[in-house]
Amino acid sequence: STIVIQFLGIKFVPAPGDPAMLTFRIPERVFLTFDFFTNSTMRTKNLAYLNINVEEIRAHPDQFANKLLPLANEDFLKGSGAVKEPMQVIEVNPIKEGSTGVHNELIRYLATKELAIDVWDGDSLMHFGKARTRLFRVLRQGKDSEIYSPSLEIIDEVKKEVRGVLQLSIKNQALMMDVRP
């Protein structure tokens, strides 16, 4: 199996005790970190908002509150580097590990574990919150692929408040093996 994780969008929610949105601030860019299977901590590139002017966000954050903002690689938006795709895609192919039992380990991992994604402010490098989902939803159960596209609450674990929502897509794709007679 190959696991593909795409980070599609993010929604920011004002704090419940801030009805006038005096302290509400949307980061200009974010990055995400998470652990998956046997890989060490993975980090996305800086992600910015597709087709949204940062100056507008600064001037009128209230207009962007509770709206899903599509995420894109910042390098793609700047037209720099070798980044050809706007979406941040993380691909994990555990079979490359080389062990014959890796596939069964991956199945157990998906059946029993959760994916915890830390959301960070890309400018201040401050932790913004954590989003979590159980991975059993991407078990293929005999199918060629399974796609799960959740909207996950981003929780400030210190204040126990919802800070936003992270939209992502997780795909579990069977590997087509070269079988020769």
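What you see as residue numbers is a count from 1 along each chain, following the sequence as written. pLDDT decides what is reported in this predicted model: residues at 70 or higher carry local features, side-chain atom pairs at 80 or more are listed and counted, and totals for whole chains, interfaces and linings draw on all residues regardless. For the side-chain quantities, the full set of heavy atoms in the structure was used; hydrogens and water were omitted.

What about the pattern of salt bridges?
Here is step 1: We count a salt bridge whenever a side-chain nitrogen from Lys or Arg sits within 4 Å of a carboxyl oxygen from Asp or Glu. Overall, the coordinates contain six salt bridges when judged by the stated rule.
Here is step 2: Close ionic contact of R132 with E114 constitutes a salt bridge, the shortest N to O distance being 2.6 Å. Taken together, the residues R132 in strand β8 (residues 127-134) and E114 in strand β7 (residues 114-121) connect sequence positions 18 residues apart.
Here is step 3: The class for E114 is partly exposed, based on a relative accessible area of 33%. Secondary structure is summarised from DSSP: a helix means a run of H or I of at least four residues, a strand means a run of E of at least two, and numbering begins at the N terminus for each. A simple rule labels every residue: compare its accessible area, found with a 1.4 Å probe on the protein chains alone, to the largest value its type can have, and call it buried under 20%, exposed over 50%, or partly exposed in between.

Looking at the packing of aromatic side chains
Here is step 1: Classification of ring pairs rests on two measures: the distance between centres of Phe, Tyr or Trp rings, Trp counted by its six-membered ring, which must be within 6.5 Å, and the angle between planes, read as stacked under 30 degrees, edge-to-face over 60 and tilted in between. Following the criterion strictly, the structure yields six aromatic pairs and no others.
Here is step 2: When the centroid spacing of 5.4 Å and the interplanar angle of 75° are considered together, the rings of F36 and Y109 count as edge-to-face. Here F36, found in the loop between β2 (30-34) and β3 (42-43), pairs with Y109, found in helix α3 (residues 102-112); they are 73 residues apart in sequence, far enough to count as distant.
Here is step 3: Here the aromatic rings of F37 and Y109 are separated by 5.4 Å at their centres, their planes lie at 70°, and the arrangement is edge-to-face. Pair noted here: F37 is in the loop between β2 and β3 and Y109 is in helix α3, with a separation of 72 residues, a long-range link.
Here is step 4: Relative accessible area serves as the criterion here: at 16%, Y109 is assigned to the buried category.
Here is step 5: Linked through ring pairs, F12, Y49 and F128 together constitute an aromatic cluster.
Here is step 6: Sitting above the plane of the F31 ring, R43 keeps its charged end 3.8 Å from the centroid. Working rule: Lys NZ or Arg CZ, within 6 Å of ring centre, within 35 degrees of ring normal, means a charge sits over the ring.

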